[in-house]
Amino acid sequence: MDDVPLIRTQKPDRSAPALALTMLFLATTAFAADAIDPAALKRLVQQDCGSCHGLTLKGGLGPDLRAESLQHYDPEVLTSVILDGIPDTAMPPWRPLMTEEEAEWIARYLQNPEGK
Amino acid sequence: MKPFALALVAALWAGTAAAETIATGDLGLVIERATGSVLLVDQSDRAALARIEGLGDLSHASLVYSPDERFAYVFGRDGGLTKLDITTRQIVGRVVQSGNAIGGAISDDGRLVAVSNYEPGGVRVFDADTLEMVADLPTGGKTIGLVDAPGRRFVFTVWDTGESWIADFSQTPPQITTIPGMGKNPYDALITGNGRTYITGLFGEDGLTALDLWSEAPEPIRVLPGYGRGEQEMPVYKMPHLEGWALTGREFVLPAVGHSQVLWIDADTLTETGRTQTYGQPVFAMARPDGRQVWVNFAHPLNDTIQVIDTVTKEVIHEFKPGPAVLHMEFTPRGHEIWISVRDANRIMIYDTRTFEKLREIEAESPSGIFFTARAHKTGL
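Reading the values: rules and limits
Every chain is numbered on its own, with residues counted from 1 as its sequence reads. Chains and ligands are labelled by the order in which they are written, letters from A for the one and numbers from 1 for the other. Per-residue local features are limited, in this predicted model, to residues with pLDDT of at least 70; the limit for side-chain atom pairs, both in listing and counting, is 80 or more; totals at the level of whole chains, interfaces and linings are taken over all residues. Remark: hydrogens and water are excluded; side-chain values derive from all non-hydrogen atoms of the structure. Ring pairs shown here join Phe, Tyr and Trp side chains whose ring centres sit within 6.5 Å, with only the six-membered ring taken for Trp; geometry is labelled stacked below 30 degrees between planes, edge-to-face above 60, and tilted in between. Numbering goes from the N terminus for both helices and strands, where a helix is a DSSP run of H or I of at least four residues and a strand is a run of E of at least two. Working rule: Lys NZ or Arg CZ, within 6 Å of ring centre, within 35 degrees of ring normal, means a charge sits over the ring. Any pair of residues with heavy atoms lying within 4.5 Å of one another is described as a contacting pair. Buried area: the accessible area, evaluated with a 1.4 Å probe, that two parts lose upon being put together, summed over both parts. A pairing counts as a salt bridge when a side-chain nitrogen of Lys or Arg comes within 4 Å of a carboxyl oxygen of Asp or Glu. Under the rule applied, a polar contact is a pair of N or O atoms within 3.5 Å (in protein, one hydrogen donor and one hydrogen acceptor; residues adjacent in sequence only if both atoms are side-chain atoms). Any residue outside Ala, Val, Leu, Ile, Met, Phe, Trp, Tyr, Cys, Pro, Asp, Glu, Lys and Arg is labelled polar, Gly included; the first ten of those are nonpolar and the last four are charged. At least two DSSP bridges between two strands are required for those strands to pair. What counts as an axis is a line fitted to C-alpha atoms, over the stretch in contact for a helix, and the angles between N-to-C directions run from 0 to 180 degrees. Only protein chains enter the calculation, and the probe is 1.4 Å; a residue is then buried if its accessible area is under 20% of its type maximum, exposed if over 50%, and partly exposed in between. Confidence of the prediction at every residue is given by pLDDT, a number between 0 and 100. Residues enter a nonpolar core if they are buried and are Ala, Val, Leu, Ile, Met, Phe, Trp, Tyr or Cys, with the set joined through side-chain atoms within 4.5 Å.

Undergrad: I would appreciate a short explanation of the packing of aromatic side chains in the present structure.
TA: Geometry of an aromatic ring pair is reported as the spacing of the ring centres plus the angle between the planes. All names here are of chain B. Going through the model one piece at a time under the given rule, you end up with 11 aromatic pairs over all chains. Measuring from ring centre to ring centre gives 5.6 Å for tyrosine 279 and phenylalanine 298, while their planes differ by 70°; the resulting arrangement is edge-to-face. Highlighted residues: tyrosine 279 in the loop between β23 (272–277) and β24 (282–287) and phenylalanine 298 in strand β25 (residues 293–298), separated in sequence by 19 residues. Ring pairing ties together the aromatic residues Trp295, Phe320, Phe331, Tyr351 and Phe356, which thus form one cluster. The cationic tip of lysine 314 hangs over the ring face of tryptophan 264; the distance from NZ or CZ to the ring centre is 5.2 Å.

Undergrad: I would appreciate a short explanation of the interface of chain B and chain A in the present structure.
TA: Often the size quoted for an interface is simply the accessible area lost on bringing the parts together. Between chain B and chain A, the contact holds 23 residues from the first and 22 residues from the second. Together, the buried faces of chain B and chain A total about 1,900 Å²; carbon and sulfur atoms form 53% of this surface. Viewed at the interface, chain A and chain B are joined by one salt bridge. The partner of aspartate 344 of chain B in a salt bridge is arginine 43 of chain A, and the shortest N-O contact between them spans 2.4 Å. Our count for the contact surface shared by chain B and chain A stands at 11 residue pairs in polar contact (both at pLDDT 80 or more). Taken together, the residues of the side of chain B that touches chain A break down into nine nonpolar, five polar and nine charged.

Undergrad: Please clarify how the sheet that holds β24 of chain B should be interpreted in this entry.
TA: Residues and elements named next belong to chain B. Across the sheet, which stays open at both edges, the four strands sit in the order β24-β25-β26-β27 with antiparallel pairing between neighbours. Strands with a single pairing partner mark the edges of an open sheet, and in this sheet they are β24 and β27 (315–320). The mean angle between the axes of side-by-side strands here comes to 25°, regardless of whether they run parallel or antiparallel. For β25 and strand β26 (residues 306–310), the ladder comprises five bridges, and the chain directions are antiparallel. The residue of β26 that forms the bridge with glutamine 293 is aspartate 310.

Undergrad: Can you help me understand the environment of glycine 291 of chain B in this one?
TA: Residue and element names in this part refer to chain B. Structurally, glycine 291 is set in the loop between β24 and β25. Residue classification places glycine 291 among the buried positions, given a relative accessible area of 6%. Once the C-alpha coordinates of glycine 291 and valine 312 are considered, the two residues, 21 residues apart in sequence, prove to be 9.5 Å apart.

Undergrad: Teacher, can you tell me more about the pattern of salt bridges here?
TA: Should their charged atoms come close, side chains of opposite charge can pair. Inspection of every chain in the model, using the stated rule, returns 25 salt bridges over all chains. Two residues, arginine 46 of chain B and glutamate 337 of chain B, come together in a salt bridge whose shortest N-O distance is 2.7 Å. Separated by 291 residues along the polypeptide, arginine 46 of chain B in the loop between β2 (37–42) and β3 (47–53) and glutamate 337 of chain B in strand β29 (residues 337–342) bring together distant segments of the chain. Judged by relative accessible area, glutamate 337 of chain B falls into the buried class, the value being 5%. Put simply, Arg43 of chain A together with Arg343 and Asp344 of chain B are held in one network by salt bridges that share partners.

Undergrad: Could you clarify how one ought to interpret the side chain of aspartate 310 of chain B in this entry?
TA: Residues and elements named next belong to chain B. Inspection of the secondary structure assignment puts aspartate 310 in strand β26. What makes aspartate 310 buried here is its relative accessible area of 8%. Within the local environment of aspartate 310, its side chain forms a polar contact with the side chain of arginine 292, the two groups lying 2.8 Å apart. Setting aside residues up to four positions removed in sequence, aspartate 310 forms contacts with Arg292, Glu315 and Ile317.

Undergrad: Would you mind showing me how to read the confidence of the model for chain B here?
TA: Caution applies to low-pLDDT parts of the model: their predicted coordinates are not meant to be read in detail. Overall, the predicted model of chain B reaches an average pLDDT of 91, with 93% of residues at or above 70. If you check the scores for this complex, the pTM reads 0.86 and the ipTM reads 0.75.

Undergrad: Can you walk me through the nonpolar core in this structure?
TA: Grouped burial of nonpolar side chains is what soluble globular proteins tend to show. Judged by nonpolar contacts, the single largest core of 25 residues is most densely connected at Phe203, Leu254 and Ile265 of chain B. Those elements that provide at least two residues to this core are β16 (186–191), β18 (208–212), β21 (251–255) and β22 (261–266) of chain B. Each residue touching isoleucine 265 of chain B, except ones within four places of it in the same chain, is listed here: Leu208, Val223, Leu224, Arg250, Glu251, Phe252, Leu254, Leu270, Thr271, Glu272 and Thr273 of chain B. Counting 19 residues, the second-largest nonpolar core is a separate cluster that includes Leu57, Leu83 and Met98 of chain A together with Tyr237 of chain B.

Undergrad: What am I meant to see in the sheet that holds strand β32 (residues 367–372) of chain B here?
TA: Note: strands within a sheet are paired through backbone hydrogen bonds, in either parallel or antiparallel orientation. Residue and element names in this part refer to chain B. Pairing is antiparallel across the open sheet formed by four strands, whose spatial order is β3-β2-β1-β32. For this open sheet the edge positions go to β3 and β32, each flanked by a neighbour on one side alone. Each neighbouring strand pair of the sheet contributes to a mean axis angle of 25°, computed without reference to strand direction. In this structure, β2 lies alongside β3, joined through six bridges in antiparallel fashion. In the strand pairing of β3, leucine 40 is matched with alanine 50.

Shown next as structure tokens:
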């Protein structure tokens with residue numbers, strides 16, 4: 001099972017839904033630490049980033065994070081800000097709480113919320 | 001006399017029939033942050049009575065009550081100031097007074113409502129009846145820690161400049177006093193129940209700064225400077241709140257920033273009297289009204305847990321997990337029960353504060369702040 005490249009978002013095969021569902025379940029369990037869970041990450045952005053940047057991300061104690069305000073940033077820069085924070089500001093490093101892949105996903109999601 | 005007495009009885013009876021009396025003293029409102037609504041709740045019945053919708057972006061929203069406990073003024077994140085009549089359960093006034101707001105206060109006489117703004121930074125003051133703006137006080141920065149103080153005053157502080165302002169509305173035009181040097185990046189503040197001491201917590205440095213509002217010319221008083229010295233500071237995923245002025249006899253208790261501790265401070269001398277290690281970084285440290293217990297919730301990702309600290313021994317006496325994302329707590333005015341909002345369970349949980357037994361769950365949409373009407377009669381709330 002280890003080499004099955006399944007992620008949670010993959011749609012089960014219509015011809016074998018039960019098998020696909022089983023594999024999905026196993027994969028989710030096996031790769032729980034690595035899997036990207038878009039619903040959970042969207043919730044984190046809204047609720048936890050939102051506690052400083054506003055529920056609608058238009059800014060609060062922290063700056064505006066809406067897509068139009070972030071377009072000119074390199075996604076890698078945003079990813080590193082998420083992971084390592086900005087010293088001497090209220091932006092904390094999120095590395096203890098998420099993987100690099102998750103941070104990268106969030107950076108892309110912020111720049112293109114419709115695409116996720 | 002007989003016909004007169006009869007008429008009086010008839011008149012009283014008619015009056016009772018015509019107008020139903022609605023008592024508001026045991027009611028409250030719960031912010032439903034994601035849906036822009038508030039839930040009207042009854043503390044004695046432990047029940048939700050009604051949902052009032054159409055209040056805009058209520059993330060981080062708070063509210064204050066009119067002195068008669070009939071009207072609530074809700075401060076939304078989107079700059080909306082909404083006046084609710086809780087007897088008719090309707091919105092009776094609403095202005096969008098800025099682009100980005102963070103809390104508010106009502107003057108001691110109930111005539112003025114002030115709102116603290118991030119964008120544009122400053123405080124705007126409104127007539128409590130009409131919601132017409134009566135004063136605009138730009139501060140040049142994000143304004144936090146707005147409280148009412150006795151003598152028709154408001155006190156607030158600027159995150160960017162570390163300056164506190166006292167706006168005295170007992171005279172026209174209002175008299176403004178600014179006090180620089182409060183410290184780096186003040187994030188919130190509170191005022192003691194007697195209206196004497198204003199304390200702001202600092203994010204940019206370890207410590208707090210107090211003002212003695214009984215003084216003719218208040219000066220910054222450093223409280224616990226460098227309280228985390230020598231200890232590794234942890235990332236802060238949620239700014240603590242200074243609310244509810246947790247006075248416990250002679251001491252009060254405050255959440256530390258970047259450390260898993262609450263700090264005990266002597267109310268007279270403003271010196272440290274102890275520390276209690278906690279489960280995570282505290283967000284709220286709230287004293288039960290009698291001062292015997294302090295209930296603490298924590299920042300993400302440890303926000304499913306509450307600890308209860310005994311204020312005599314300063315030790316944790318109870319720890320439990322109400323559910324995912326505990327955002328706020330409100331005691332009944334005499335402290336026999338506590339209502340806790342558990343955002344991701346979409347529930348308000350009600351507990352007995354002596355037995356810790358859960359008494360009831362009430363459904364609510366992403367609940368955050370809980371505000372009972374008894375706040376109407378307390379300075380700083």
